[in-house]
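Inside the fold
Here are the chains, one letter per residue:
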Amino acid sequence: MSQTIHMHADIRGMLDHHRRKGSLKGVFKNTETGIGLSDQEARDYLYDCLAKGWRVLPVDGCDNFDYQTGCKGHPIDADDNSENKKEATNST
Ligand SMILES: [Zn+2]
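Reading guide: rules and limits
- Residues numbered from 1 in each chain as written.
- Predicted model: local features only at pLDDT ≥ 70, side-chain atom pairs only at ≥ 80, totals over all residues.
- Helix = DSSP H or I, 4+ residues; strand = E, 2+ residues; numbered from the N terminus.
- Buried ≥ 20, exposed ≤ 12 C-beta atoms within 10 Å, placed from the backbone.
- Contact = placed C-beta atoms within 7 Å.
- Core = buried A, V, L, I, M, F, W, Y, C linked by C-beta atoms within 7 Å.
- pLDDT = per-residue confidence, 0-100.

1. Comments concerning the overall build of the protein
Along the backbone of the protein there are three helices and six strands. The N-to-C order of helical and strand elements in the protein reads β-β-α-α-β-β-β-β-α. Taking all 92 residues of the protein together, 8% fall into the buried category. In the protein, of all internal contacts separated by at least 6 residues, the share reaching a separation of at least 24 is 51%.

In structure tokens form, the structure reads like this:
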């Protein structure tokens, strides 16, 4: 069965990668306000995630995510695709 796998970001890797102060500014957004987090807010958030025992964060919207291993996969319904194709060929 085919499936979609979303990207994930390694929390420790992000902190390692963005050691320079200010480099995490705007990387994360507050999901309620849509406003980008400051560098310090982003760092606090990542350390909070580590404190919860998380290792990775979802990059795309993902509703089947494991904070240890990442996206657990989303099956693609093959029937839906063939249905769409049929409709496309019929429109003459
Ligand atoms: Zn996913």
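2. As for the environment of D63
Within the secondary structure layout, D63 lies in the loop between β3 (56-58) and β4 (65-66). Residues D63 and H6, 57 residues apart in the sequence, show an inter-C-alpha distance of 9.9 Å.

3. Digging into the nonpolar core
Core analysis: the biggest nonpolar cluster contains five residues, these being I11, L24, A42, L46 and V56. With near-sequence residues (within four places) excluded, I11 lies in contact with L46, C49, L50, W54, R55, V56 and L57.

4. Quick notes on the environment of K52
Looking at where K52 falls in the secondary structure, it is placed in the loop between α2 (39-51) and β3. For the pair K52 and Y67, spaced 15 residues apart in the sequence, the C-alpha separation amounts to 9.7 Å.

5. What to know about the confidence of the model for the protein
Mean pLDDT for the protein: 87, with 84% of residues reaching 70 or above. Model confidence for the protein, summarised as mean pLDDT per element, is weakest for helix α3 (residues 78-90) at 53 and strongest for α2 at 97.

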